[in-house]
Amino acid sequence: MSLKLDAVRCGRRMVRCSRTAGAHRNWKYLPRLQLRTLATATEKPLVSSSSDHLRFSYPNAKSNLRRTSLPNFWLRDNCRCSSCVHQDTRQRNFNTFDLPEDTQPSHIHTNEDGIKIQWSGDGHESFYPWDFLEFYLNSDKREPEPIELEYFGAQGPHNSQSWPPTLKYGDFSANETGTVGRLTDFIRRNGFAFVTEVPVESAEPTEKLLEKIAFIRQTHYGGFYDFIPDLALADTAYTNIALGAHTDTTYFTDPAGLQAFHLLSHTGASSENNSGVNLGGQSLLVDGFYAASILKKEDPKAFEVLSRVKLPWHASGNKGITISPDKLYPVLEVDESTGKLHRVRWNNDDRGVVPFDSEYSPVDWYKAARKWHDILRRESIEYWFQLKPGNLLVFDNWRVLHGRSAFTGVRRICGGYINRDDFISRWRNTNYPRDEILKRVIG
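Now for a look at the structure at hand.

How each quantity is defined
- Residues numbered from 1 in each chain as written.
- Predicted model: local features only at pLDDT ≥ 70, side-chain atom pairs only at ≥ 80, totals over all residues.
- Heavy atoms only, no water.
- Helix = DSSP H or I, 4+ residues; strand = E, 2+ residues; numbered from the N terminus.
- Buried < 20%, exposed > 50% of the residue type's maximum accessible area, 1.4 Å probe, protein only.
- Contact = heavy atoms within 4.5 Å.
- Areas by Shrake-Rupley, 256 points an atom, 1.4 Å probe, with all protein chains shown as cover.
- Salt bridge = Lys/Arg side-chain N within 4 Å of Asp/Glu carboxyl O.
- Pairing = 2+ DSSP bridges.
- Phe/Tyr/Trp six-rings, centres within 6.5 Å; stacked < 30°, edge-to-face > 60°.
- Lys NZ or Arg CZ within 6 Å of the ring centre and 35° of its normal.
- Axes fitted to C-alpha atoms, helices over the stretch in contact; angles between N-to-C directions.

What about the overall build of the protein?
Turning to step 1, where the next piece is worked out: Looking only at helices and strands, the protein features 10 helices and 21 strands.
Turning to step 2, where the next piece is worked out: Across the 443 residues in the protein, those meeting the buried criterion constitute 47%.
Turning to step 3, where the next piece is worked out: Long-range contacts, defined here as pairs at least 24 residues apart, represent 67% of the contacts in the protein between residues at least 6 apart.
Turning to step 4, where the next piece is worked out: Summed over its atoms, the accessible surface of the protein is roughly 23000 Å², and 47% of this surface lies on carbon and sulfur atoms.

As for unusual backbone geometry
Turning to step 1, where the next piece is worked out: The linkage connecting Trp163 with the following residue, Pro164, adopts the cis geometry, with an omega of -5°.
Turning to step 2, where the next piece is worked out: Here Pro164 is to be found in the loop between helix H2 (130-138) and strand S10 (166-168).
Turning to step 3, where the next piece is worked out: The backbone of Arg90 sits at a positive phi, close to 65°, despite the residue not being glycine.
Turning to step 4, where the next piece is worked out: Its place among the elements puts Arg90 in the loop between helix H1 (72-77) and strand S7 (105-110).

Things to note about the pattern of salt bridges
Turning to step 1, where the next piece is worked out: Inspection of the entire model under this criterion finds 20 salt bridges.
Turning to step 2, where the next piece is worked out: With a closest N to O distance of 3.3 Å, Arg92 and Asp77 form a salt bridge. Remark: Asp77 occurs in helix H1 and Arg92 occurs in the loop between H1 and S7; sequence separation between them is 15 residues.
Turning to step 3, where the next piece is worked out: Arg92 sits in the partly exposed class, given a relative accessible area of 43%.
Turning to step 4, where the next piece is worked out: One salt bridge connects Arg440 with Glu436, and the closest N-O pair in it is separated by 3.5 Å. Placement of the pair is Arg440 and Glu436 together in helix H10 (residues 434-442), with a separation of 4 residues, close to one helical turn.

Thoughts on the pairing of strand S15 (residues 283-287)
Turning to step 1, where the next piece is worked out: For S15, the buried fraction is high: 5 of the 5 residues fall into the buried class.
Turning to step 2, where the next piece is worked out: Burial along S15 is two-sided: Ser283, Leu285 and Asp287 and Leu284 and Val286, pointing in opposite directions, are all buried.
Turning to step 3, where the next piece is worked out: Where S15 meets strand S18 (residues 383-385), 3 bridges bridge the pair, whose relative direction is antiparallel. Residue pairing for S18: Leu285 is matched across the bridge by Tyr383.

Observations regarding the pairing of strand S14 (residues 258-267)
Turning to step 1, where the next piece is worked out: Extensive coverage of S14 is indicated by the burial of 8 of its 10 residues.
Turning to step 2, where the next piece is worked out: Here S14 pairs with strand S21 (residues 410-418) via 9 bridges, running antiparallel. Following the sheet pairing, Gln259 is matched in S21 by Tyr417.

What about the environment of Leu54?
Turning to step 1, where the next piece is worked out: Position of Leu54 among the secondary structure elements: in strand S5 (residues 53-57).
Turning to step 2, where the next piece is worked out: Leu54 gets classed as buried once you look at its relative accessible area, which sits at 1%.
Turning to step 3, where the next piece is worked out: In sequence terms Leu54 and Gln104 are 50 residues apart; their C-alpha atoms lie 8.7 Å from each other.
Turning to step 4, where the next piece is worked out: Excluding residues within four positions of it along the chain, Leu54 makes contact with Val47, Ser48, Ser49, Thr68, Ser69, Leu70, Asn72, Leu75, Pro105, Ile108, Ile115 and Ile117.

Quick word on the packing of aromatic side chains
Turning to step 1, where the next piece is worked out: Within this structure, the stated rule accounts for 23 aromatic pairs.
Turning to step 2, where the next piece is worked out: An aromatic cluster of at least three residues, connected via ring pairs, comprises Phe152, Trp163, Phe192, Phe194, Tyr383 and Phe385.
Turning to step 3, where the next piece is worked out: The lysine or arginine in question, Arg343, covers the ring of Tyr329, its NZ or CZ lying 6.0 Å from the ring centre.
Turning to step 4, where the next piece is worked out: Above the plane of the ring of Phe407 lies Arg411, whose end atom (NZ or CZ) is 4.5 Å from the centre.

Details of the sheet that holds strand S9 (residues 125-129)
Turning to step 1, where the next piece is worked out: Read from one edge of the open sheet, 3 strands run S7-S8-S9, paired in antiparallel fashion. The sheet is open, and its two borders are formed by S7 and S9, each paired with just one other strand. Within this sheet the neighbouring strands show an average axis-to-axis angle of 20°, counted without direction.
Turning to step 2, where the next piece is worked out: When S7 meets strand S8 (residues 114-119), the two strands line up antiparallel, connected through 5 bridges. The residue of S8 that forms the bridge with His107 is Gln118.
Turning to step 3, where the next piece is worked out: The strands touched by H2 within the sheet are S7, S8 and S9, with S9 carrying the most contacts at an inclination of about 70°.

Set out below in structure tokens:
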């Protein structure tokens, strides 16, 4: 069954409709276009049209809508039909600004699924499902996928049943999509994950595994790396000295999203059997989000200073290379819309001069940074472990700081960087249905 208006007048224009199939036609003059939806299990609103908005009201129920109308132009711009949106690319197929600014409905039809609108001017027909309309009557925008982060310290997360988060290399050949989904979800929630039993005869299996997440990012260091500590590139990573907890690529506008390390081998300086000899080179991870939460609790001003004072960062060690971000960035980047920590950017070695143009002085910054530094070095939050051949480590470089102890001998390490956006895309598409993803990323 369908309901339509006998005749309506919207603003100063008159449009013709039929009330029911086969019913006679006549003309009515109404101050606005109005129509009650079919009764369903959940009451749908009355829909009426004005010159610039579509209005919604619930006469038989108390409504706590965030808004009671949606703009006509906004509705027309968000038509999802096959002529307006390319169904393969999901891209808009028309120029929004070719539409008349005063576009409005000439005809409205509702049923239990949604509202069909015929627009004035070109007569284009659009359909809007109730869930789309009611979402925007109740909400301002789509939110990102909900995620519960599990902070970790020296002993892992509180009450963790399985630590550390680990997968096996063979799982990827058995069920690639499902295993990539588990891997990316571990990293998203815990900050990192291990993959064990990765072949060590060459670096290629490691490279191919990382590419199952996304392409490996090219930087001034190259792409996929496979190196020994020979200072082939001017960076302390290419030495055997101890490195404190830090994030990589602080000097990029968009720091690397993921970083991966696989220790292929670690031998002593001589050719003698080094079995049982401690060559050093333990690896360190620190949950930067956990450390920041401690800082905020213990010293709110220090947290404020490190989230407000914006600093220069740079990579200038290689001839012909001087990289810095598009602007100055703070150590702790906070999402302005949610107030939640968004990204940690911390490598004291790559930091430039603390400026004087902030509301806080350099003295304030040094005091706050000292507190931050002290928290990062607490035994209770330092997670130390020994990388072993066959165990690949992948971690979130926007959240997790890494370091190492000094070592002797020769270590061969391979790995790479992966962009944050590509990592999140892969996580979404291996953990959520496509329809839900599109709702969240498009609206």
